[in-house]
Each structure stands twice: as C-alpha cells, then as structure tokens.
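One letter stands for each residue in the lines below.
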Amino acid sequence: MAHLMVHHRVRDFETWKKVFDQHADERTAAGCTGGELYQCSEDPNDVVIRLSWDSAENARAFTLSETTREAMSRGGVIGEPILVFLNEPEHVEK
C-alpha cells in the first residue's frame, strides 16, 4: 500500500469540499482506498489530505490526470499543491 499527502490552500472550503466529494468515484477507480481530510486550525481554507492507494504508481498517475487537474481548478485550489508520496507508516508510541 502507498500513501499520498496533499497540502494546498483553497478559496472556500465548502465549495472545494463539494468538488472533492464529487470526485470520489474517480479516486476509487484510480486505486484510492480512503484516507483522512484535515483543515488547519488557524485557517479552514488550508487543507491537508492523506489518501491510501493500492500502488504508488496509481497515486502518481492520479495526480497527473487531466480530470484531477480540472477538479482542482473547479474547487478553487490556489497555486500548486504540495504532494508527498509515502510508504507504509511506522507506528510510534505516544
């Protein structure tokens, strides 16, 4: 399993979230198996997403797809997102 961390700013979280939710079928078809969505506590338009994928190759291909770029534009993503491709995590104690 592979993971993708995405960090970006959006113009309006509610508008962005609707587009993000509408794009769920495309993520699933591309190999996404779920994840978590975070809003930064100081700025709700600063968003971090951690998604799990069946492979790193599928995660990378998804980020480069035209439909993903179009969805980001419709959702009001500001600038280029920061993308970090991750391996399986090492769990740590508190």
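In what follows, the structure referred to is the one given above.
Summarised in this report is the structure supplied together with it. Treat the numbers as computed from the prediction; the structure is a model and nothing was measured.

## Some details on the pairing of strand 2 (residues 32-39)
So, point 1. When strand 2 meets strand 3 (residues 46-53), the two strands line up antiparallel, connected through seven bridges. Bridge pairing links C32 to W53 in strand 3.
So, point 2. Where strand 2 hands over to strand 3, the hairpin turn is made up of six residues, counted between the paired strands.

## A word on helix 3 (residues 56-64)
So, point 1. Taken residue by residue, helix 3 has A59, F62 and T63 as its buried positions. Projection of helix 3 onto a plane perpendicular to its axis shows the buried side chains occupying an angular sector of 95°, all on one side. Exposed residues on helix 3 whose side chains face more than 90 degrees from its buried face are E57 and L64.
So, point 2. Check the buried side of helix 3 and you find it contacts strand 1 (2-10), helix 2 (24-29), strand 3, helix 4 (66-75) and strand 4 (77-86).

## Some points on the pattern of salt bridges
So, point 1. Applying the stated criterion across every chain yields a total of four salt bridges.
So, point 2. The salt bridge partner of R9 is D43, with a shortest N-O separation of 2.2 Å. Here R9 is found in strand 1, whereas its partner D43 is found in the loop between strand 2 and strand 3, with 34 residues between them in sequence.
So, point 3. Since its relative accessible area comes to 35%, R9 is described here as partly exposed.

## Points about the packing of aromatic side chains
So, point 1. Scanning the entire structure with this criterion turns up three aromatic pairs.
So, point 2. Consider the rings of W16 and F20, whose centres lie 4.9 Å apart with planes at 25°: the pair is stacked. In this pair, W16 and F20 are both assigned in helix 1 (residues 13-22), four residues apart and thus about one turn of the helix distant. Of the two residues examined, W16 and F20, each falls in the buried class.
So, point 3. An aromatic cluster is defined as three or more aromatic residues linked by ring pairs; in this entry it consists of F13, W16 and F20.
So, point 4. Sitting over the ring of F20, R27 keeps its end group 3.8 Å from the ring centre.
So, point 5. Positioned above the aromatic ring of F85 is the side chain of R60, whose terminal nitrogen or guanidinium carbon lies 4.0 Å from the ring centre.

Calculation notes
- Residues numbered from 1 in each chain as written.
- Predicted model: local features only at pLDDT ≥ 70, side-chain atom pairs only at ≥ 80, totals over all residues.
- Heavy atoms only, no water.
- Pairing = 2+ DSSP bridges.
- Helix = DSSP H or I, 4+ residues; strand = E, 2+ residues; numbered from the N terminus.
- Buried < 20%, exposed > 50% of the residue type's maximum accessible area, 1.4 Å probe, protein only.
- Arc of directions from axis to C-beta.
- Contact = heavy atoms within 4.5 Å.
- Salt bridge = Lys/Arg side-chain N within 4 Å of Asp/Glu carboxyl O.
- Phe/Tyr/Trp six-rings, centres within 6.5 Å; stacked < 30°, edge-to-face > 60°.
- Lys NZ or Arg CZ within 6 Å of the ring centre and 35° of its normal.

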